[in-house]
Amino acid sequence: MSIATIAIIGGVIISLAGIFTDAHTKKQKIKLKAIEMEVELEKLRLETYTVETEKMRLELEQSKVLLLEEKQNSIK
């Protein structure tokens, strides 16, 4: 093989390696972005769960107070 052929093959191999590396890097960046979005979604879900739990706790407390008032009124 001549040096020119080897140089061309080497150049093609280097170019292909660069293309595959760039594609892999882009794929990994997309995966990372998806994971970041999933983490943000989980944070929002947790926040919503916490708010709903607090709301239900307050409603339960209010119901308890109303039941106690009704019970006291019925005793009188």
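Conventions and cut-offs
- Residues numbered from 1 in each chain as written.
- Predicted model: local features only at pLDDT ≥ 70, side-chain atom pairs only at ≥ 80, totals over all residues.
- Heavy atoms only, no water.
- Helix = DSSP H or I, 4+ residues; strand = E, 2+ residues; numbered from the N terminus.
- Rg over C-alpha atoms; globule rule 2.2 N^0.38 Å.
- Buried < 20%, exposed > 50% of the residue type's maximum accessible area, 1.4 Å probe, protein only.
- Salt bridge = Lys/Arg side-chain N within 4 Å of Asp/Glu carboxyl O.
- Patch = residues over 30% accessible without salt bridge, like charges linked within 9 Å, V, L, I, M, F, W, Y side chains within 5 Å.
- Areas by Shrake-Rupley, 256 points an atom, 1.4 Å probe, with all protein chains shown as cover.

Student: Tell me what's going on with the overall build of the protein, and back it up with residues and numbers.
Tutor: Scanning the protein from N- to C-terminus turns up 1 helix and 0 strands. For 76 residues, the compact-globule estimate of 2.2 N^0.38 gives 11 Å, and the protein exceeds it by more than 25% at 33 Å. For the protein, the spread of C-alpha atoms along the three principal axes comes to 110 × 10 × 5 Å. Counting the 76 residues in the protein, one finds 0% classified as buried.

Student: Could you give an account of the pattern of salt bridges, with specific residues and numbers?
Tutor: Summed over the entire model, instances satisfying the criterion amount to 3 salt bridges. Between R45 and E42 there is a salt bridge; the shortest N-O distance is 2.6 Å. Here E42 and R45 lie together in helix α1 (residues 3–75), a separation of 3 residues that amounts to about one turn. Take R45: its relative accessible area is 47%, and that puts it in the partly exposed class. Of the residues examined, E42 reaches a relative accessible area of 44% and is grouped as partly exposed. Across the pair E54 and R57 runs a salt bridge whose closest N-O atoms are separated by 2.6 Å. Remark: R57 and E54 occur in helix α1; sequence separation between them is 3 residues, near one turn of the helix.

Student: Break down the environment of A17 for me, citing the residues and quoting the values.
Tutor: Relative to the helices and strands, A17 is located in helix α1. Looking at A17, the relative accessible area reads 38%, which means it is partly exposed. A sequence separation of 55 residues divides A17 from Q72, and the C-alpha atoms of the two residues are 82 Å apart.

Student: Report on a nonpolar patch on the surface, specifying residues and quantitative values.
Tutor: A contiguous nonpolar patch, built from I8, V12, L16, I19 and F20 and spanning about 510 Å² of accessible area, is present on the exposed surface. Among the structural elements, I19 can be located in helix α1. With a relative accessible area of 53%, I19 lands in the exposed category.

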